[in-house]
Amino acid sequence: MTDACARCGRTRASVTDPAELLAWVRERERGIDQWLCHVCARAHVRDIEGKLPADYWAP
Ligand SMILES: [Zn+2]
């Protein structure tokens, strides 16, 4: 059982802002709970909703 973000490795213990902790998402994949931090969860949602080519987001 880990409390680190599955994408970037950030740990929940390293996040001090309660609002950011609330934005963490727990996902269950093949019976294993995984966390996505507030930053990666946002990016993940955008991936799902957008399905846009990566260069869309480039400046
Ligand atoms: Zn992350």
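Reading the values: the criteria
- Residues numbered from 1 in each chain as written.
- Predicted model: local features only at pLDDT ≥ 70, side-chain atom pairs only at ≥ 80, totals over all residues.
- Heavy atoms only, no water.
- Donors = N, O, S within 2.8 Å, 3.2 Å for Na, K, Ca; no water.
- Tetrahedral: all angles 85-135°; square planar, octahedral: opposite > 155°, others 65-115°.
- Helix = DSSP H or I, 4+ residues; strand = E, 2+ residues; numbered from the N terminus.
- Buried < 20%, exposed > 50% of the residue type's maximum accessible area, 1.4 Å probe, protein only.
- Pairing = 2+ DSSP bridges.
- Core = buried A, V, L, I, M, F, W, Y, C linked by side-chain atoms within 4.5 Å.
- Contact = heavy atoms within 4.5 Å.

## Quick notes on the coordination of the zinc ion
Protein ligation of the zinc ion involves C5 (SG), C8 (SG), C37 (SG) and C40 (SG), the donor distances falling in the range 2.3 to 2.4 Å. Coordination geometry of the zinc ion: the four donor atoms subtend angles of 105 to 116° at the metal centre, consistent with an arrangement described as tetrahedral. In terms of primary sequence, the donors binding the zinc ion are separated according to C-x2-C-x28-C-x2-C. Remark: C37 occurs in the loop between strand 2 (32-36) and helix 2 (38-50) and C8 occurs in the segment before helix 1 (18-22); sequence separation between them is 29 residues. Its relative accessible area of 0% is what places C37 among the buried residues.

## A look at the pairing of strand 1 (residues 25-29)
Bridging between strand 1 and strand 2 involves five bridges; their strand directions are antiparallel. Paired with R26 across the strands is W35, a residue of strand 2.

## Re the nonpolar core
Within the largest apolar cluster, eight residues are counted, these being C5, V15, W24, W35, L36, C37, C40 and A41. Those elements giving two or more residues to this core turn out to be strand 2 and helix 2. Look past the residues within four positions of W24 in its chain and what remains in contact with it is D3, A4, C5, R10, T11, R12, V15, W35, L36, C37 and H38.

Function-wise, these values are silent; they only describe arrangement.
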